[in-house]
Amino acid sequence: AAGELEQALRLRFRAGLLRLGDRGVIDYRPSISTREVSRILRSEDFDALAGTFDDVVYGGRPAQEADVREARSRWRQVVQR
């Protein structure tokens with residue numbers, strides 16, 4: 001709501017990883033890589049989320065409102081599967 005889109009994207013990504021860890025799907029740790037999670041999940045939805053996350057957090061691309069909306073929607077699908 002405050003326009004801190006990168007922070008929102010980071011928090012949603014971490015929350016998604018924590019939920020996967022709580023369900024025993026991954027062995028969550030702060031240093032787990034998106035590549036490692038991708039190999040475990042084999043999910044197109046996760047791969048899209050990870051690509052956006054990496055582009056924004058590590059690639060320096062500014063986060064967009066659409067990124068945050070997509071993360072909200074796709075994380076639900078990833079966690080449910």
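For the structure, check the block above.
As a starting point, this report considers the structure included with it.

Conventions and cut-offs
Residues numbered from 1 in each chain as written. Predicted model: local features only at pLDDT ≥ 70, side-chain atom pairs only at ≥ 80, totals over all residues. Heavy atoms only, no water. Axes fitted to C-alpha atoms, helices over the stretch in contact; angles between N-to-C directions. Helix = DSSP H or I, 4+ residues; strand = E, 2+ residues; numbered from the N terminus. Parallel < 35°, antiparallel > 145°, perpendicular 65-115°, else oblique. Left-handed = near helix turned anticlockwise from the far one by under 90°. Contact = heavy atoms within 4.5 Å. Nonpolar A, V, L, I, M, F, W, Y, C, P; charged D, E, K, R; others polar. Buried < 20%, exposed > 50% of the residue type's maximum accessible area, 1.4 Å probe, protein only. Phe/Tyr/Trp six-rings, centres within 6.5 Å; stacked < 30°, edge-to-face > 60°.

A look at the packing of helix H1 (residues 5–22) against helix H3 (residues 44–57)
At their nearest, the axes of H1 and H3 sit 11 Å apart, and the two run at 140 degrees to each other. Judged on the interaxial angle alone, H3 and H1 are oblique. The chirality of how H1 crosses H3 is left-handed. Where H1 abuts H3, its residues Glu6, Leu9, Arg10, Phe13 and Leu17 lie against Phe46, Leu49, Ala50, Thr52, Phe53, Val56 and Val57. Tallied by class, the residues present in the contact of H1 with H3 amount to 9 nonpolar, 1 polar and 2 charged.

Some remarks on unusual backbone geometry
In this model, Arg42 sits at a positive phi of 50 degrees, which is unusual for a non-glycine residue. Taking the relative accessible area as the measure of exposure, Arg42 reaches 74% and is therefore exposed.

A word on the packing of aromatic side chains
To describe a pair of aromatic rings, one takes the distance between the centres and the angle between the planes. Evaluation of the coordinates by the stated rule reveals 5 aromatic pairs. Aromatic pair Phe46 and Trp75: ring centres 5.8 Å apart, planes at 75 degrees, arrangement edge-to-face. Taken as a pair, Phe46 in helix H3 and Trp75 in helix H4 (residues 65–80) lie far apart in primary sequence, 29 residues in all. Here the two residues Phe46 and Trp75 agree in accessibility, since each one is buried.

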